[in-house]
Amino acid sequence: MVRYKACRTCRALINGSKCPNCEKTDLTDNWNGLMIVLSPNDSMVAKEMEVKLPGCYAIHLR
Ligand SMILES: [Zn+2]
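Residues numbered from 1 in each chain as written. Predicted model: local features only at pLDDT ≥ 70, side-chain atom pairs only at ≥ 80, totals over all residues.

A separate point is the environment of Arg 8. Along the chain, Arg 8 falls in the loop between β1 (5–7) and β2 (13–14). Its 17 C-beta neighbours within 10 Å are what place Arg 8 among the partly exposed residues. As a C-alpha pair, Arg 8 and Cys 22 span 14 residues in sequence and 10 Å in three-dimensional space. (Helix = DSSP H or I, 4+ residues; strand = E, 2+ residues; numbered from the N terminus. Buried ≥ 20, exposed ≤ 12 C-beta atoms within 10 Å, placed from the backbone.)

Written out as structure tokens, the structure reads:
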């Protein structure tokens, strides 16, 4: 089973080794909670988290 990793910078969940949102490679397996962002430009939460791309994001990083 594939375990998604979360980007430490923007919390995007990624199945790979590089974050497509901020292009960082600092990822972690230790995350909790899931938020799906469909339209980052319309979402207050997404703006707060500096989310630029639609996708799945972790709520908490450990
Ligand atoms: Zn990122």
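Turning next to the environment of Asn 30. For Asn 30, the location among the structural elements is in the loop between β3 (27–28) and β4 (31–37). Accessibility expressed as a C-beta count within 10 Å gives 11 for Asn 30, which makes it exposed. For the pair Asn 30 and Tyr 4, spaced 26 residues apart in sequence, the C-alpha to C-alpha distance is 9.9 Å. Ignoring sequence-local partners within four residues, the contact set of Asn 30 consists of Leu 61 and Arg 62. (Contact = placed C-beta atoms within 7 Å.)

Soluble globular proteins tend to pack their nonpolar side chains together in the buried interior. Counting 9 residues, the largest nonpolar core consists of Ala 6, Cys 7, Ala 12, Leu 13, Cys 19, Trp 31, Val 51, Tyr 57 and Ala 58. Those elements that provide at least two residues to this core are β1 and β5 (55–61). In contact with Val 51, other than residues within four places in its own chain, are Cys 10, Asn 21, Val 37, Pro 40, Ala 46 and Tyr 57. (Core = buried A, V, L, I, M, F, W, Y, C linked by C-beta atoms within 7 Å.)

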